[in-house]
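One-letter residues, chain by chain:
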Amino acid sequence: MSIPGGSKRNFEEKEDTYDIHREPVSDPVVSESPHPGLKRRDSLDIEADKFLDNNGTEDWRVILTLAFQSLGVVYGDIGTSPLYLFATTFINGIKHEDDILGVLSIIFYTITLIPVIKYVMIVLRANDNGDGGTFALYSKLCRYAKVGLIPSEQAEDHEVSNFRLELPNKTNKIASKIKKNLETRTFVKFSLLFAAMLGTSMVIGDGILTPSISVLSAVSGLKNATSTMTEGRIVAISVVILISLFMVQRFGTDKVGYTFAPIICLWFSLNVAVGVYNFFKFDPSVARAINPKYIIDYFKRNKKDAWISLGGTVMAITGTEAMFADVGHFTVKSIQISMCCVVYPALITVYSGQASWLRKHPDEVADTFYNSVPKELYWLVFVVAVLAAIIASQAMISGTFSIIKQSLSLGCFPRVQIVHTSTKYEGQVFIPEMNYLLMIGCLLVTIAFGTTEKLSNAYGIAVIFAETLTSSFMVVIMLVIWNTNILFVLLYVLVISSTEYIYLSSVLYKVSQGGYMPFLFAIMLMFIMCTWIQLLCLFQSVNVHNVPALHSVIVFVSIKSLPISKVPPEERFLFRRVNPSELYVFRCVVRYGYADVHNEKESFENILIERLKDSIQSDYGVEEEQLDCIMVEDVGTIDRATQAGVVHLVGEHEIISRRGSSIGKRLLIDYAYNFMNKNVRQGYNVFEIPHKRMLKVGMTYEV
């Protein structure tokens, strides 16, 4: 038995060879059977409608367990912002006592608008079958409108149950017009893909900067405890902590979450306790900051300086994007519960307490957090702060793993090893190669910048840039897919999007002061992703034309990724028999979503053979003695061929630049792409094809 196949992500043959562009299952195609009197539906059609919808009841014990775990994975970043927020906002000191109320009011409304209203109430609803992130939003648009450049789609793909979107009953004129413009303009399609990749790159850059600034800000508390603690020693201690953090990532989100969640709970509890103590002891009147008039007065007094200071207050929402990127590790409801019931009230309390303390100690704003802690609790708070800072990094690291997996599965990232770390909860993954690269990036950034003041400029850009791109996708989704009332969309743009763009304008002002770092990360990642996509698009099909001999059974296999999070296992394999049937030649499309597990417990080879036999049995499906004998004979042939031995003919390609190509083209193809292609995991490794039974069929392409 021979199973030719390859790692190409799409399956499109020429029409004169195989016609696989069938009508949907609702209007099935009936093809002639090689056996007299037998009429059957094409197996590529009938396999697509076998799935039974599973609407199980929600287990609240699981939801609450995940909500508890999410405290240790998702909220460490936003939870440690009180360590440095007022210090990064008032870099030049406090010039007027009411400026404290103005900044507190900005913090209150920023946290309310973006993490709570935008993400908890709106963005989390746009999850893609439980997965979040920029590519999840992009995949939803690709399924609803023909805007996707990767991968190509077949009619049968739309019959996968997870491919279908829950849409309003009626489509308004605005949605139809926007959809038409999206589908007919190539520039718009490229812009959407570019935005998805840029958003992904910024979140990855955030995953590099978050550990650095969180750990540095916590360890800097030692300066208050001892005069012998220099900046060099603080950096050295931070480096040791960061290395330890990345070393424990291999244990997985499940174990890390259970370990970290109690610490974050203690962290929030201490912050609430200190916040309440400071609030009532120093100045309870800071509660007046709920009045947005103080924001207006703050800008009137400080003008340009107030606008620049927004680059510091944006630190109040660091890690917010992790709520959406990490939703695949948990559930929507678990994230909503933990944010609304624990994180939001704790943050408002601690910032109110710090503002109350600053009203009496305006000259000590540079060390607001540690100086505002009662001396009796100092060392306890310091130890927990360091632990919380370590945990803060976990949110973006986990989110980075999730979005890299999505990018890889959609063909936008070189192949890396994906390790699924939990058998209980889907979506919890670990990527060893990226873990080490993130660690190296964090260490280099920590050593190069050395202080939180310099890092905050870079950090703010990465945070707000990713959030503005998410908002842009959300506006399109609300208009095109959800058919949201135009007044609500305008309200979203005027209130939430405009707030984010004001923040973005502020942080861009500091590009030359370290803010360039996220753009450097983004440029490198975009180069890798664009190079990978452009050259893979040239090789959409699997070529096995020059096979020297035919085996008793031949299955042409193509591995394909769909722009959905998961393909139900019973819908994964699509088979079609190639006439004449006496040759026992089959075509197979194996479809995965970007959150699916490729390395399953049973070997890919065994699963494929069993599904092939199931397909043969379902093709005949009529209880007649003659047909039953034919079916038994065909299944027996498959079994005998399997026992005789399976050979995998794997398609491989080499890409070289044409003679006379420009220097830029030669660098891109001969060096950049081929370096990535030779140093990433190959498709036959992903599917664990035995090397002793693998034959590579290669082609060299000149581009």
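Quantities reported herein were computed from a predicted structural model and do not represent experimental measurements.

Participant: Any details on the overall build of the protein? Residues and values, ideally.
Facilitator: Helix and strand content of the protein: 25 helices and nine strands. Across the 703 residues that make up the protein, the buried fraction comes to 59%. Within the protein, contacts between residues separated by at least 24 positions form 83% of all contacts whose residues are at least 6 apart in sequence. When the accessible surface of the protein is split by element, carbon and sulfur atoms take 59% of a total near 29500 Å².

Participant: Can you explain the pairing of strand S5 (residues 554–561)? Please cite residues and give values.
Facilitator: With respect to burial, S5 is a largely interior element, seven of its eight residues being buried. In terms of strand pairing, S5 meets strand S7 (residues 585–592) through eight bridges, oriented parallel. The residue bridging Lys560 from the neighbouring strand is Arg591, located in S7.

Participant: Report on the packing of aromatic side chains, specifying residues and quantitative values.
Facilitator: Inspection of the entire model under this criterion finds 14 aromatic pairs. For the ring pair Trp267 and Phe369, a centre distance of 5.5 Å and an interplane angle of 35 degrees mean the geometry is tilted. Here Trp267, found in helix H11 (residues 252–282), pairs with Phe369, found in helix H16 (residues 368–371); they are 102 residues apart in sequence, far enough to count as distant. Taken individually, Trp267 and Phe369 each receive the classification buried, so the pair is uniform in this respect. Ring centres 6.1 Å apart and planes at 50 degrees place the aromatic pair Tyr370 and Phe382 in the tilted group. Placement of the pair is Tyr370 in helix H16 and Phe382 in helix H17 (residues 378–409), with a sequence separation of 12 residues. Like Phe382, Tyr370 is buried. Through a chain of ring-to-ring contacts, the aromatic side chains of Trp267, Phe369, Tyr370, Tyr378, Trp379 and Phe382 assemble into a single cluster. Directly above the aromatic system of Trp482 lies the positively charged group of Arg125, at a separation of 4.6 Å from the ring centroid. Seen from the ring of Tyr144, Lys179 lies directly overhead, with NZ or CZ sitting 4.5 Å from the centre.

Participant: Give me helix H2 (residues 60–73): which residues, what numbers.
Facilitator: In a regular helix each residue adds 1.5 Å, so 14 residues correspond to 20 Å; H2 covers 20 Å between its end C-alpha atoms and thus fits that length. If you check which residues of H2 are buried, you get Ile63, Leu66, Ala67, Gln69, Ser70, Leu71, Gly72 and Val73.

Participant: Kindly report on the packing of helix H6 (residues 134–144) against helix H8 (residues 186–219), identifying the contributing residues and their values.
Facilitator: Packing of H6 against H8 brings their axes to within 8 Å, and their N-to-C directions diverge by 160 degrees. Judged by the inter-axis angle, H6 sits roughly antiparallel to H8. In this structure, H6 meets H8 at a crossing whose hand is left-handed. Where H6 approaches H8, its residues Thr134, Phe135, Tyr138 and Leu141 are matched on the opposing element by Leu192, Leu193, Ala195, Ala196, Met197, Gly199 and Thr200. Its residues placed into classes, the contact of H6 with H8 shows eight nonpolar, three polar and no charged.

Participant: Tell me what's going on with the pattern of salt bridges, and back it up with residues and numbers.
Facilitator: Taken as a whole and judged by the stated rule, the model has 10 salt bridges. Between Asp128 and Arg143 there is a salt bridge; the shortest N-O distance is 2.9 Å. Placement of Asp128 in the loop between helix H5 (97–122) and H6 and of Arg143 in helix H6 is noted, with a sequence separation of 15 residues between them. Here Asp128 falls in the buried class, since its relative accessible area comes to 1%. A salt bridge links Asp639 to Lys613; its shortest N-O distance comes to 2.9 Å. One end of the pair, Asp639, is in helix H23 (residues 625–644); the other, Lys613, is in helix H22 (residues 604–620), and 26 residues separate them in sequence. Within the structure, one salt-bridge network assembled from shared partners comprises Asp98, Asp283 and Arg359.

Participant: Break down the pairing of S7 for me, citing the residues and quoting the values.
Facilitator: With eight of its eight residues buried, S7 lies for the most part within the structure. Every second residue of S7 is oriented toward a common face, with Val585, Arg587, Val589 and Arg591 on one face and Phe586, Cys588, Val590 and Tyr592 on the other, all of them buried. In the sheet, strand S6 (residues 573–578) pairs with S7 via six bridges, with the strands oriented antiparallel. The residue of S7 that forms the bridge with Leu574 is Val589. Following S6, the chain reverses through six residues before pairing antiparallel with S7; Tyr584 in that reversal takes a positive phi of roughly 55 degrees.

Participant: So what about H6? Which residues, and what values?
Facilitator: With 11 of its 11 residues buried, H6 lies for the most part within the structure. Listed as buried for H6 are Thr134, Phe135, Ala136, Leu137, Tyr138, Ser139, Lys140, Leu141, Cys142, Arg143 and Tyr144.

Participant: An account of the side chain of Arg577 is requested, with residue identities and associated values reported.
Facilitator: Here Arg577 shows up in strand S6. On the accessibility criterion, Arg577 (10% relative accessible area) is buried. At 2.9 Å, the side chain of Arg577 forms a polar contact with the side chain of Asp634.

Participant: Pulling in residues and values, what's your account of the environment of Leu310?
Facilitator: For Leu310, the location among the structural elements is in helix H13 (residues 304–313). Overall, the relative accessible area of 4% leaves Leu310 in the buried class. Along the backbone, Leu310 and Ile106 are 204 residues apart, and their C-alpha atoms lie at a distance of 8.7 Å. Once residues lying within four places of it in the same chain are set aside, the contact partners of Leu310 are Ile106, Phe299, Ile502, Tyr503 and Ser506.

Calculation rules
Residues numbered from 1 in each chain as written. Predicted model: local features only at pLDDT ≥ 70, side-chain atom pairs only at ≥ 80, totals over all residues. Heavy atoms only, no water. Helix = DSSP H or I, 4+ residues; strand = E, 2+ residues; numbered from the N terminus. Buried < 20%, exposed > 50% of the residue type's maximum accessible area, 1.4 Å probe, protein only. Contact = heavy atoms within 4.5 Å. Areas by Shrake-Rupley, 256 points an atom, 1.4 Å probe, with all protein chains shown as cover. Pairing = 2+ DSSP bridges. Phe/Tyr/Trp six-rings, centres within 6.5 Å; stacked < 30°, edge-to-face > 60°. Lys NZ or Arg CZ within 6 Å of the ring centre and 35° of its normal. Expected span 1.5 Å × (residues − 1). Axes fitted to C-alpha atoms, helices over the stretch in contact; angles between N-to-C directions. Parallel < 35°, antiparallel > 145°, perpendicular 65-115°, else oblique. Left-handed = near helix turned anticlockwise from the far one by under 90°. Nonpolar A, V, L, I, M, F, W, Y, C, P; charged D, E, K, R; others polar. Salt bridge = Lys/Arg side-chain N within 4 Å of Asp/Glu carboxyl O. Polar contact = N/O pair within 3.5 Å; in protein donor to acceptor, adjacent residues only side chain to side chain.

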